[in-house]
Structure formats: C-alpha cells, structure tokens
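Given next are the chains, with one letter for each unit.
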Amino acid sequence: QVQLVESGGGLVQAGGSLRLSCAASGRTFSDYVMAWFRQAPGKEGEFVSRITGSGGVTRYADSVKGRFTISRDNAKNTVYLQMSSLKLEDTAVYYCAGDARRGWSPRDYEYWGQGTQVTVSS
C-alpha cells in the first residue's frame, strides 16, 4: 500500500509559478512510476506528466510541455511538479498518482492522492 499526500496548490496570477509536492509513504518509493493528473470542473481527468522510478525518463502532455517540470527525490519519497508561465486553463485539481508500471490514463495508476487545487486568475 502507498499513501500519497499532495501540497502546494493555491491561487496564482496568470504567468506566475507554483510548485506542487507529493509525499509518499508505504512501499519502496523508487519502485513506482509517479504521475500528475488534473481535472478541471466539468472535464475528464487529464494526464499532465510522469516520471520513472529512477527519475531518468519523463513525459509531458503537449499542453504543459516547456512550462511544467516533473522531478522526484527518492531520498525524501517526494515527487514535484514545478509549474511556470501558468495559464487560466491550468486551473484544476491536481492529483499525484503512482503505479509499478508506466501509463497515460488514470486507469493505469493504482495509488492516488487527495488532490490539491490550483487556481490561475487573470
């Protein structure tokens, strides 16, 4: 079992930055691919980014490429999402997720955090 707790969300102006954190406890953190998804009101969950257990391979949705950076610190059992040049359309609840295998869909991930709200204002 893996427990995930996100933090770092909040209200930010368009063009600003935020860093989300996801702290994990339970099984060996480095065994897990970690991902970030987001869900805006009235929309389905959307893949944002993922990172392999070693941190060596990352992937991003086209909508955030060049603006968001995913990273992890296995010594701290934490994965991060650095978000820059935020846009109004980035407003959503952001969830971190973990699984032993890589995937693009929320269905591919077994473990989930409770989510953290990110609101981008004009």
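It should be emphasised that the depicted structure is a prediction, and the values quoted were computed from it without experimental measurement.

Engineer: Help me understand the pattern of salt bridges in this model?
Structural biologist: Side chains carrying opposite charge are able to pair once their charged atoms draw close together. Inspection of the entire model under this criterion finds four salt bridges. The partner of Lys-65 in a salt bridge is Asp-62, with the nearest N and O atoms 3.1 Å apart. Here the two residues Lys-65 and Asp-62 agree in accessibility, since each one is exposed. Asp-90 is paired through a salt bridge with Arg-67; the nearest N and O atoms lie 2.7 Å apart. Taken together, the residues span a long stretch of sequence, with Asp-90 in the loop between strand 8 (78-83) and strand 9 (92-99) and Arg-67 in the loop between strand 6 (58-60) and strand 7 (68-73) at a distance of 23 residues. There is no split in this pair, since Asp-90 and Arg-67 are both buried. The network of salt bridges with shared partners includes Arg-38, Glu-46, Arg-67 and Asp-90.

Conventions and cut-offs
Residues numbered from 1 in each chain as written. Predicted model: local features only at pLDDT ≥ 70, side-chain atom pairs only at ≥ 80, totals over all residues. Heavy atoms only, no water. Salt bridge = Lys/Arg side-chain N within 4 Å of Asp/Glu carboxyl O. Buried < 20%, exposed > 50% of the residue type's maximum accessible area, 1.4 Å probe, protein only. Helix = DSSP H or I, 4+ residues; strand = E, 2+ residues; numbered from the N terminus.

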